[in-house]
Amino acid sequence: MSTKNITDFLKKIELFSELNANEIEIIAEKFETITFKKGDFLFKENNERKNIFIIYSGKVELIKSTPFGEEKRLVIFQEYDFMGEGSLLDNSPHSTTARAIEDTVTFSLDIIKNKDFLEENQLISLKTLKYLSKMIMRRMGNANSRLMNIGEQYISGRTRSEHDLLGDRDVPEEMLYGVQTLRAIENFNISGITLNFFPNLIVGFAYIKKAAAIANNKLKLLPDDISEAICKACDEIINGRWHKHFMVDMIQGGAGTSTNMNANEVIANRALEILGHKRGDYQYCHPNNHVNLSQSTNDAYPSAVHLAIFLSNKNLVQRLESLIESLKTKANQFEHILKMGRTQLQDAVPMSLGQSFGAYASTLEEEIARLNYNADTFLEVNMGATAIGTGICSVPEYKYFVVYTLKEITGLDIRLADNLVEATQDTSAFVMYSSALKHLAIKLSKISNDLRLLSSGPRAGFNEINLPPMQPGSSIMPGKVNPVIPEVVNQIAFKVIGNDLTVSMASEAGQLELNVMEPVIVQSISESIEMLKNGMDTLKYKCIDGITANEKTCHDYVINSIGLVTALNPYIGYEKSTIVAKEALETNRGVYELVLEKGFLSKEQLDEILKPENMIKPQKINII
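Reading the values: the criteria
Residues numbered from 1 in each chain as written. Predicted model: local features only at pLDDT ≥ 70, side-chain atom pairs only at ≥ 80, totals over all residues. Heavy atoms only, no water. Core = buried A, V, L, I, M, F, W, Y, C linked by side-chain atoms within 4.5 Å. Buried < 20%, exposed > 50% of the residue type's maximum accessible area, 1.4 Å probe, protein only. Contact = heavy atoms within 4.5 Å. Pairing = 2+ DSSP bridges. Helix = DSSP H or I, 4+ residues; strand = E, 2+ residues; numbered from the N terminus. Axes fitted to C-alpha atoms, helices over the stretch in contact; angles between N-to-C directions. Patch = residues over 30% accessible without salt bridge, like charges linked within 9 Å, V, L, I, M, F, W, Y side chains within 5 Å. Areas by Shrake-Rupley, 256 points an atom, 1.4 Å probe, with all protein chains shown as cover. Salt bridge = Lys/Arg side-chain N within 4 Å of Asp/Glu carboxyl O. Phe/Tyr/Trp six-rings, centres within 6.5 Å; stacked < 30°, edge-to-face > 60°. Lys NZ or Arg CZ within 6 Å of the ring centre and 35° of its normal.

## What to know about the nonpolar core
Across soluble globular proteins, you tend to see nonpolar side chains buried next to one another. Counting 113 residues, the largest nonpolar core has Ile230, Tyr433 and Leu451 as its most contacted members. Setting aside residues up to four positions removed in sequence, Leu451 forms contacts with Phe357, Ile465, Leu467, Pro486, Leu539, Cys543, Ile544 and Ile547. In this structure, Ile52, Leu88, Phe117 and Leu118 belong to the second largest nonpolar core, which totals 21 residues.

Below is the structure:
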């Protein structure tokens, strides 16, 4: 690509906003055009920083590896975005990985190759670093905003004046939200957990607002330029940008109005920037008149939440499937190890350790279908219902256009509720899904209880398995190691069970045409999903994968257990078995030696019956 084309493009890049036209022409000569195919890496985590990349066309995802080795998408960059700018400061390793998700053309500046040029043109370097320092300050402010008072994150102190029903307020210039969000931040300092803790909720709103903008445009209710700007702003949010501007507390009064207005204001102000206007110039794109056109909080909010939970469920099920695979691996690994089964904490009959872990995998597999079935109910939405389901302030065709559009842009089988009045006041889908989360939590807690018991000891407990030691267990007892991972999963389960009760009570509290308690329902379910996802990852990677078996302990329990006599019952009869069991208990002798001593069976017969493979599944019985 020609230097002139690169120059014209660089003039639109924020990184070089401090440079004049001549300086941009000079630096443009140093940029190379590099094309990346879908799936190619621009740079990788922990590799040396070398290049600045500016995207001319295409899309690039920025990803980071989790402590568990999985990839987490942070954001998607597209036209005019830049990355790798940290190479201007030093050649320290990248903290993230950049990968093209479609064919992408970039302009690249090799910092190492152009080191002399940058040193010779110190003014260009200085101006670029000046902008870079501002950007880093903004990022640090955002990183710290969860730890400090909300007002302390603003760097410049500049504000813009906005007004609403209650009067005029100064809104921080750096923020995309507006006056109604500002009031909500002040009014609802409740949980400290804000909307941006749950990215799928923000993405859900972006999908809703984009679908509404497209539908309103098709119906000639929204001009092309405003619709396109709203859609582009929504796409940016769907791709992970601007989430820090969603700052309302999850728990709030007003049936979600504050959340809806937070979305409306962020999208409106970003759309204004796209249109070439200043933030707050709402005559060109208004949060209510344009972004919220043909909508009410009472259909936009629950519909966005439905999408968010459906998307979150997919990730939850993936984590569950991963945990199940680990349990199956352990089942195969331990299938040859015989142990005593127990009922009511008393010796029962022999089984394999592999059967124990296979049962855990099987019981959790049942929850996948339950979760997916209940999540599917969230694909029914009440868009077009507006305030109470009557569709007031929307045209007759709108509800069909918006739901069809929502289906198209999400790729999900979204459908319109049959009765919008009923759908606007009904929260039963939340109740059912929350119950499914509770069901999963209870099973995870039971498994954790078992792991704690089976690993108890090491000298005065069951000690049949070893959990990976994760941390010293006592501040006073040297050498003590506690089962901290199952313990934390137990506690997660308690929270999920409590959240389910909250959802039930909030659902019951609905009155007439609306349930105003939906925010606490949404907060409870969102928290439960996140805690279960994190808990299952922790259980898999920090516990299940590292479990080992104490084979000798398991074997000794079987040989010395009075429960072993149950396996002999079909061959020597209940009466003789009772005699052996009673004497073994009274004399502390083994079942094996007593059966031989009394002549009930020969050694060959007894050894055949007590083969491990003959005691852990049904067998054809030949009465001796």
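Following the structure, the description resumes.
## Brief notes about the sheet that holds strand E5 (residues 71-77)
The four strands lie next to each other as E2-E7-E4-E5, forming an open sheet whose pairing is antiparallel. Because the sheet does not close on itself, it has two edges, and the strands there are strand E2 (41-43) and E5. For this sheet, the mean angle separating the axes of adjacent strands, direction not counted, is 30 degrees. In the sheet, strand E4 (residues 60-65) pairs with strand E7 (residues 97-100) via four bridges, with the strands oriented antiparallel.

## Here's the deal with unusual backbone geometry
Residue Pro458 is bonded to the preceding Gly457 through a cis peptide linkage, with omega at 10 degrees. Here Pro458 lies in the loop between helix H14 (428-454) and strand E15 (465-466). Positive phi, normally seen in glycine, also occurs at Cys393, with a value near 75 degrees. Positionally, Cys393 belongs in the loop between strand E13 (380-381) and helix H12 (398-410). Phi at Asn588 is positive, roughly 60 degrees, even though this residue is not glycine. Note that Asn588 resides in the loop between helix H18 (569-587) and helix H19 (591-597).

## Topic: the sheet that holds strand E6 (residues 82-83)
Sheet strands pair by backbone hydrogen bonding; their relative direction is either parallel or antiparallel. One open sheet accounts for four strands, arranged E1-E8-E3-E6; its pairing is antiparallel. Of all strands in the sheet, those with a lone pairing partner are strand E1 (32-36) and E6, marking the two edges. Summarising the sheet, E1 and strand E8 (residues 104-110) pair through five bridges and their orientation is antiparallel. Counted as the bridge partner of Thr33 is Phe107 from E8. Across the sheet, helix H1 (residues 3-10) lies against E1, strand E3 (51-57) and E8, angled at about 95 degrees from E3, the strand it touches most.

## What to know about a nonpolar patch on the surface
A contiguous nonpolar surface patch, about 280 Å² in accessible area, is contributed by Ile442, Phe494 and Ile497. Here Ile442 is to be found in helix H14.

## Regarding the packing of aromatic side chains
Within the structure shown, the criterion is met by twelve aromatic pairs. Centroid distance Phe16 to Phe31: 6.0 Å. Interplanar angle 85 degrees. Geometry classified as edge-to-face. Remark: Phe31 occurs in the loop between helix H2 (21-28) and E1 and Phe16 occurs in the loop between H1 and H2; sequence separation between them is 15 residues. For the pair formed by Phe16 and Phe31, the shared burial category is buried. On the basis of an interplanar angle of 75 degrees and a centroid distance of 5.8 Å, the ring pair of Phe36 and Phe53 is categorised as edge-to-face. Taken together, the positions of Phe36 in strand E1 and Phe53 in strand E3 put the pair 17 residues apart, joining distant regions of the chain. Positioned above the aromatic ring of Tyr557, the side-chain terminus of Arg342 is 5.6 Å from the ring centre.

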